[in-house]
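# A structural walkthrough
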Amino acid sequence: MTYDADAIVIGAGLAGLVAATELTDAGKRVIIVDQEPEQTLGGQAWRSFGGLFFVNSPEQRRLRIKDSYELALQDWMGSAGFDREEDHWPRKWAEAYVDFAAGEKRSWLHAQGMRWFPIVGWAERGGSLATGHGNSVPRFHITWGTGLGVVEPFVRRAREAEQKGLLSFRFRHRVTSLGTNGGIVDSVEGEVLEPSNVKRSEPSSRVVASSFILRAQVIVVCSGGMGANHDLVRKNWPKRLGEAPKRLISGVPDHVDGLMLGISEQSGAHLINCDRMWHYVEGVHNWNPIWSRHAIRILPGPSSLWFDANGNRLPAPCLPGFDTLATLSHIMKTGYDYSWFILNETIVKKEFTLSGSEQNPDFTSKSWRQVLKRATGGIPSPVKAFLDKGEDFIVENNLTDLVRRMNALSGDNLIDEQKLHAQIAARDREVENTYTKDAQITAIRGARNYIGDKLVRVVPPHKILDPKHGRLIAVRLNILTRKSLGGIETDLNARVLKQGGEPLPGVYAAGEAAGFGGGGVHGYNSLEGTFLGGCIFSGRIAGRAAAKVV
Ligand SMILES: Cc1cc2nc3c(=O)[nH]c(=O)nc-3n(C[C@H](O)[C@H](O)[C@H](O)COP(=O)(O)OP(=O)(O)OC[C@H]3O[C@@H](n4cnc5c(N)ncnc54)[C@H](O)[C@@H]3O)c2cc1C
């Protein structure tokens, strides 16, 4: 049997690049196939915000955040809520991943040139009990250079390997099946798509120009999740999150089509936990879209007031930035698939961050001057662009006009001004007192105990309706698809497993396609910043393990 390479990696995203470069570092010959054109090299990670989950990092210690493996594991397990027989490997991956995040992860990436913003973010704060979901402490480390900064070292290593003749890319190669020889998977077959000169992450043509077959001793599946394939998302939508939303917008490019999951299953891979997914409830239509139904997620600070479509304030723990899936489930139970933030200009200046490398030009271009302007300047320009041009944003001088336009935008006419005013005024009354029974005000005060939040993220509690804090803003929030938490079941060596637990000979999987490790390292919930790291960790394991057998 002649092989085209020692290993074929399917997918030139972060997981694929990490797996491939670990293989080439071991002297193995690798082909990376990807359905997209070369300009989309790096996949979703290039578009990402670049937030990474580290435990007990120097950045945390400098800010007097006390973190530890034990606390992080408690948070991870409380969030994951593993409760299924097939959680055997995901649970082991979770233990190993938290250990990596508390140990070698940062130094390994640092040695490759990555750096992080000194103020650590506090994502998914939870809002329930100590054993429940959420980060007890800030752990979201923004990579200097955002997603580009995360991808860059691995692209560099891949290009070096390419120059040495160890690695070659086959772009516009779309895998449609895995081929087996004597029970061992040893080939990938598919279609060569016509050349495409679309810009990065834009949808590319699916016109087939020819076909291909490539053989190798090992195949590593790193094809990403299913977030752009709304039919697949709806098919796997779990009842526990309510009915699948009628309207969904996409937080991921079109190539995140999930089709490789079915192709892997047809070849014998066991898919698990596909009903576990991580979609956000703070989605807004991008006024300047790159991919189909392009949604941007607002990463909110804790002060905006959150109302459902009927104008009822959301209960704790459904507070901005606290518990993504509890909020999603709450919203879907209202019978509507959207909700509202109400805030003012003081809050929008400091508390709205938009996810994505292109929405954070200051961090992405590594400009200290621009980043410092966030803390001292007015409304950041990407946020200002949404206030001016975003179809989901309404800015008005008074509540009467705000409500009129909210009703016009939704077309549902469900917001009653008097009822809305009464709730905001009641909340505002609670701000006057050092003590309060309003869980959101307690949460804001708790957040401001953290110096990082106080400096750059959370405004002092104040009355939303106080005109001193600027015009009123309403934002219609839509549900946006993002990550698949389940996928191909793998053991701790990233070997793909068949139903029943036996390895599928010749196949490894990593990244989002493998549920970021094991077929679902997150269980039901993420602590955030855990996806890029999950791709790095599982890609590294897959590449190293595969290198040992070829
Ligand atoms: C806007 C945005 C912000 C984000 N921010 C963060 C963050 O701050 N922190 C964090 O941890 N995570 C974040 N994420 C999530 C993270 O970026 C992704 O989960 C991760 O990059 C997935 O990497 P991957 O390599 O598994 O898959 P992908 O990046 O999706 O790459 C898979 C590749 O496989 C190719 N492919 C698929 N099927 C086939 C096939 N049949 N044949 C050939 N090729 C195929 C695709 O074209 C693609 O290039 C963000 C994501 C987005 C979109």
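Chains are numbered independently. Their residues run from 1 in the order of the written sequence. Local features in this predicted model are restricted to residues of pLDDT 70 or higher, and side-chain atom pairs are both shown and tallied only at a pLDDT of 80 or more, whereas totals for entire chains, interfaces and linings draw on every residue.

Take the overall build of the protein chain next. When helices and strands are tallied, the protein chain shows 19 helices and 20 strands. Here the globule rule reads 2.2 Å times residues to the power 0.38, and the radius of gyration is calculated from C-alpha atoms. Taking 24 Å as the expected radius of gyration for a compact globule of 550 residues, we find that the protein chain reaches 23 Å, a close match to that expectation. With the principal axes as the frame, the protein chain shows a C-alpha extent of 75 × 45 × 45 Å. Three exposure classes are used, all based on how many other C-beta atoms lie within 10 Å of a residue's own C-beta (placed from the backbone): buried at 20 or more, exposed at 12 or fewer, and partly exposed between those limits. Relative to its 550 residues, the protein chain shows a buried fraction of 54%. Helix and strand definitions here come from DSSP, where helices need a minimum of 4 consecutive H or I residues and strands a minimum of 2 consecutive E residues; each element is numbered from the N-terminal end.

Next up on the list: unusual backbone geometry. Omega for the bond connecting A316 with P317 falls within 30 degrees of zero, at 5°, which places this linkage in the cis form. Mapped onto the secondary structure, P317 falls in the loop between β13 (305–308) and α10 (324–333). Positive phi is not limited to glycine here, since R64 has a value of about 60°. Residue placement: R64 occurs in the loop between α3 (58–62) and α4 (69–80). A positive phi angle, near 70°, is found at S201, a position not held by glycine. Position of S201 relative to the elements: it lies in the loop between β7 (184–193) and β8 (208–221). You can call S201 buried: it has 23 C-beta atoms within 10 Å.

Okay, the pairing of strand β17 (residues 472–484) next. Taken across its 13 residues, β17 has 13 buried, putting it largely inside the fold. Sheet analysis places strand β9 (residues 249–250) next to β17, joined by two bridges and oriented parallel. Across the sheet, residue I249 finds its bridge partner in β17, namely L480. Strand pairing is assigned whenever DSSP detects at least two bridges linking the two strands. Relative to β17, strand β11 (residues 277–285) runs antiparallel, the two being bridged by four bridges. Residue pairing across strands places M277 opposite S484, the latter belonging to β17. The sheet contact formed by strand β14 (residues 338–344) and β17 spans seven bridges and is antiparallel. Across the sheet, residue L343 finds its bridge partner in β17, namely I473.

To decide nearness, the C-beta atom of each residue is placed from the backbone, and the residue is near a molecule or strand if that atom lies within 6 Å of it. Neighbouring the ligand are 41 residues, the closest being G11, G13, G43, G224 and G511. Of all elements in the fold, only α1 (14–25), β2 (30–34), α2 (43–47), β6 (173–181), α9 (259–266) and α19 (530–549) reach the threshold of two or more residues within the shell around the ligand. Class assignment for the residues of the shell around the ligand results in 17 nonpolar, 18 polar and six charged. Throughout, the ten residues Ala, Val, Leu, Ile, Met, Phe, Trp, Tyr, Cys and Pro are labelled nonpolar, Asp, Glu, Lys and Arg are labelled charged, and all others, Gly among them, are labelled polar.

The next subject is the packing of α1 against helix α7 (residues 146–163). Think of two packed helices as two axes; the pair is described by the angle between the axes and how far apart they sit. Contact pair α1 / α7: the axes reach a minimum separation of 9 Å and the direction vectors enclose 40°. What the angle tells us is that α1 and α7 run oblique. For the crossing formed where α1 meets α7, the hand is left-handed. Here L14, L17, V18, A20, T21 and T24 of α1 lie close against α7, whose contacting residues are V150, V151, F154, V155, R157, A158 and A161. A breakdown of the residues in the contact of α1 with α7 according to their chemical character gives ten nonpolar, two polar and one charged. Note on geometry: axes are lines fitted to C-alpha atoms, helical ones only across the stretch in contact, with angles between N-to-C directions running from 0 to 180 degrees. Throughout this description, any angle smaller than 35 degrees is read as roughly parallel, any larger than 145 degrees as roughly antiparallel, any in the 65 to 115 degree range as roughly perpendicular, and the remainder as oblique. For any pair of crossing helices, the crossing counts as left-handed if the nearer helix is rotated counterclockwise from the farther one by less than a right angle, and right-handed if it is rotated clockwise. Any pair of residues counts as being in contact when their C-beta atoms, constructed from backbone geometry, are within 7 Å of one another.

A common way to state how big an interface is: give the accessible area lost once the parts meet. Delimitation of the domains relies on an automatic or database domain assignment. Taken domain by domain, the protein chain holds domain 1 (5–223 + 485–549) and domain 2 (290–480). Listed by partner, the interface residues are 30 residues for domain 1 and 26 residues for domain 2. At three residues, the largest contribution of residues to the side of domain 1 that touches domain 2 is made by α7. Considered class by class, the residues forming the side of domain 1 that touches domain 2 number 14 nonpolar, twelve polar and four charged.

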